[in-house]
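Examination of the molecular architecture
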Amino acid sequence: MATKNSAQSEQIDGVLIVGGGYAGLHAAAAVRHAGVPVTVVDRTGQHDHVTRLAAVAGGTGTVEDASSPLQSFVESVRVGTVTKIKDGSVTFTDGRTLQAQAVIVTAGSSPSSPEIEGIKHAHALRSAEDALKLRLLIKGADSLVIIGGGATGVQLAGAVAVAQSSISVHLVEGSTRLLGALPADLGAGAQRILEGRDVNLSLGASVEKITESGALVDGILLEGLVVWAGGSEALGDQFGLPTAENGRILLDPTLRVTGLKRTFAAGDTALHRSSNGEVLPMSAQVAVRAGAAAGHNAVRLLKGETLEPVDLRQLGWVLDLGGRRGLAQVGPVNLSHAGLDLIPPLLHEAIDLMGLLETGGITALRFASSSAKSLIPFRLPEWSFGQTATRVS
């Protein structure tokens, strides 16, 4: 039960989680399954299905695929923007403070903002709000210029080429291949699929300027709606927490924030390392596993048990490019070649279903994509926790 210590401070039971993304929901599920109260604080009160946003914006996904109410996953939700985090407490924009026995920080990243003239004219694709806005803009466009050949850019280009075949799609990437952070075979597979859909690729290209009508790339003006898909940057330092130069929060091996006792961090905002010290990428897979681990250790802290070191690693990649084609590498298994590329979209659906079941059970499955629902052999009940989110400014 929450108790008010003053007009500005409130004590809540159990674990407080900042952020309702993949890391936040898996942390909440771990805490809830242990029988410990959990509250999630989030700016919008919605869980954005980040791995589906490119499909939503491009037109191969439905509007409903963009996000789900957090209350489909967690009973106690506070809607508001956190500006400062101390050990065991968070402060909102209006000065009010929530205190808890343990805090897990899973929010604090945004689209990267490079020093490119006119970058303000480019549209981002990071949130459900971005995806829904872009969906409408793309439908009214004649051509599209996507800057960034990583996972988001490749998936958006693939989706638009399938759903909006009359639109000219141009994908610009600074390195000499697509999906530079992923295995080379996946980049080659992405190039094969996109070129087969008449997507224009500019690899090893430099963006000099962005205008309201297009982007200047290597001295050539590419006209069209411009989308920036150049990646994300962590903003953990905005909370006053210790961070590396890249803005990712520094952690000990148990995912506890360096120098703090009751505060953990997980997901894109945290600096996760593998057991051999390698810095892990900002990915949904790492966020899911780190969130669950942070939740388990937060419970151990509350129970007075010894915290356990967390062994994280990147197990593989699965990307859906729309049109029943995709790319995947799981361990040594490569599914990026012609014919095999039919399997990754099915894997993508299965992973999403598993994630919904793990974090919200049958209730959350009501918000699965239409294609994912076709895999469910029963009718989903039309009910949810039915509680009202509390807004905190």
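Quantities reported herein were computed from a predicted structural model and do not represent experimental measurements. (Residues numbered from 1 in each chain as written. Predicted model: local features only at pLDDT ≥ 70, side-chain atom pairs only at ≥ 80, totals over all residues. Heavy atoms only, no water.)

To continue, consider the overall build of the protein chain. A tally of helices and strands in the protein chain yields eight helices and 26 strands. Counting the 393 residues in the protein chain, one finds 50% classified as buried. Total accessible area computed for the protein chain in this model is approximately 17200 Å², and 52% of it derives from carbon and sulfur atoms. (Helix = DSSP H or I, 4+ residues; strand = E, 2+ residues; numbered from the N terminus. Buried < 20%, exposed > 50% of the residue type's maximum accessible area, 1.4 Å probe, protein only. Areas by Shrake-Rupley, 256 points an atom, 1.4 Å probe, with all protein chains shown as cover.)

Turning our attention to the sheet that holds strand β17 (residues 207-211). In spatial order, the strands read β17-β18-β19; together these three strands make up an open sheet with antiparallel pairing. Strand pairing shows two members of the sheet lacking a second neighbour, β17 and β19 (220-223), which therefore form its edges. If you compare each strand with its neighbour and ignore which way they point, the axes differ by 20° on average. Sheet topology places β17 next to strand β18 (residues 214-217); four bridges connect them, and they run antiparallel. Bridge pairing in β18 places T211 opposite G214. (Pairing = 2+ DSSP bridges. Axes fitted to C-alpha atoms, helices over the stretch in contact; angles between N-to-C directions.)

What follows is about the confidence of the model for the protein chain. On average, residues of the protein chain score 88 in pLDDT, and 89% of them are at 70 or above. Here residues 373-391 scores under 50 on pLDDT; set against residues more than four positions off or in separate chains, the count is 36 contacts. (pLDDT = per-residue confidence, 0-100. Contact = heavy atoms within 4.5 Å.)

Here S274 shows up in the loop between β22 (263-265) and α6 (284-302). In this structure the side chain of S274 is engaged in a polar contact, spanning 2.3 Å, whose partner is the side chain of N276. (Polar contact = N/O pair within 3.5 Å; in protein donor to acceptor, adjacent residues only side chain to side chain.)

With that settled, the discussion passes to unusual backbone geometry. In this model, L179 sits at a positive phi of 50°, which is unusual for a non-glycine residue. Locating L179 in the fold gives a position in the loop between β15 (168-173) and α5 (184-196). Positive phi, close to 65°, is recorded for D198, a residue that is not glycine. Inspection of the secondary structure assignment puts D198 in the loop between α5 and β16 (200-203). Of the residues examined, D198 reaches a relative accessible area of 64% and is grouped as exposed.

Moving on to a nonpolar patch on the surface. A grouping of L340, L342 and I343 is seen on the molecular surface, where their side chains present a nonpolar patch of about 220 Å² in accessible area. Position of L342 among the secondary structure elements: in the loop between β25 (333-334) and α7 (343-364). (Patch = residues over 30% accessible without salt bridge, like charges linked within 9 Å, V, L, I, M, F, W, Y side chains within 5 Å. Salt bridge = Lys/Arg side-chain N within 4 Å of Asp/Glu carboxyl O.)

For helix α4 (residues 151-163), spanning 13 residues, the distance from its first C-alpha to its last is 18 Å, which sits close to the expected 18 Å at 1.5 Å a residue. The set of residues buried in α4 consists of G153, V154, Q155, L156, A157, G158, A159, V160 and A161. (Expected span 1.5 Å × (residues − 1).)

Once that is clear, we can look at the pattern of salt bridges. Applying the stated criterion across every chain yields a total of 10 salt bridges. Between E10 and R78 there is a salt bridge, with the nearest N and O atoms lying 2.9 Å from each other. Pair noted here: E10 is in strand β2 (residues 9-11) and R78 is in strand β7 (residues 76-79), with a separation of 68 residues, a long-range link. Several salt bridges converge on common partners, so that one network encompasses R192, R325 and D341.

This part takes up the pairing of strand β20 (residues 225-228). Residues of β20 alternate between two faces, with L225 and V227 on one and V226 and W228 on the opposite face, all of them buried. Relative to β20, strand β14 (residues 143-147) is paired through four bridges, and the arrangement is parallel. By the bridge assignment, L144 is partnered in β20 with L225.

Quick look at α5 now. Three or four residues apart is the spacing at which side chains of an α-helix point the same way, because the helix has 3.6 residues per turn. Between its first and last C-alpha atoms α5 spans 18 Å; for 13 residues at 1.5 Å apiece the expected length is 18 Å, and the two agree. Turning to α5, its buried residues number three or more, namely L186, G187, G189, A190, I193 and L194. Projection of α5 onto a plane perpendicular to its axis shows the buried side chains occupying an angular sector of 160°, all on one side. Where the residues of α5 are buried, they touch α4, β15, β16, β23 (316-320) and β24 (326-330). Residue D198 follows α5 closely and has a positive phi angle near 65°. (Arc of directions from axis to C-beta.)

Inspection of the secondary structure puts T91 in strand β9 (residues 89-92). Overall, T91 belongs to the partly exposed group, its relative accessible area being 21%. Residues T91 and Q8, 83 residues apart in the sequence, show an inter-C-alpha distance of 9.4 Å. The contact partners of T91, leaving out residues within four places of it in the chain, are T81, V82, T83, K84, R96 and T97.

Their axes nearest at 7 Å, the elements helix α1 (residues 22-33) and α6 cross at an angle of 35°. Like other packed secondary-structure pairs, α1 and α6 cross with a definite hand, here right-handed. Contacts between α1 and α6 pair Y22, A23, H26, A27, A30 and V31 from the former with A284, A287, V288, G291, A292, G295, H296 and V299 from the latter. For the contact of α1 with α6, the per-class residue count stands at 10 nonpolar, four polar and no charged. (Left-handed = near helix turned anticlockwise from the far one by under 90°. Nonpolar A, V, L, I, M, F, W, Y, C, P; charged D, E, K, R; others polar.)

This part covers the pairing of β23. Summarising burial for β23: five of the five residues are buried, a large majority. Every second residue of β23 is oriented toward a common face, with G316, V318 and D320 on one face and W317 and L319 on the other, all of them buried. Here five bridges tie β23 to β24, and the two strands are oriented antiparallel to one another. Across the sheet, residue G316 finds its bridge partner in β24, namely V330. Hairpin geometry of β23 and β24 is characterised by an intervening segment of five residues between the two adjacent antiparallel strands and by a positive phi of about 75° at G322.

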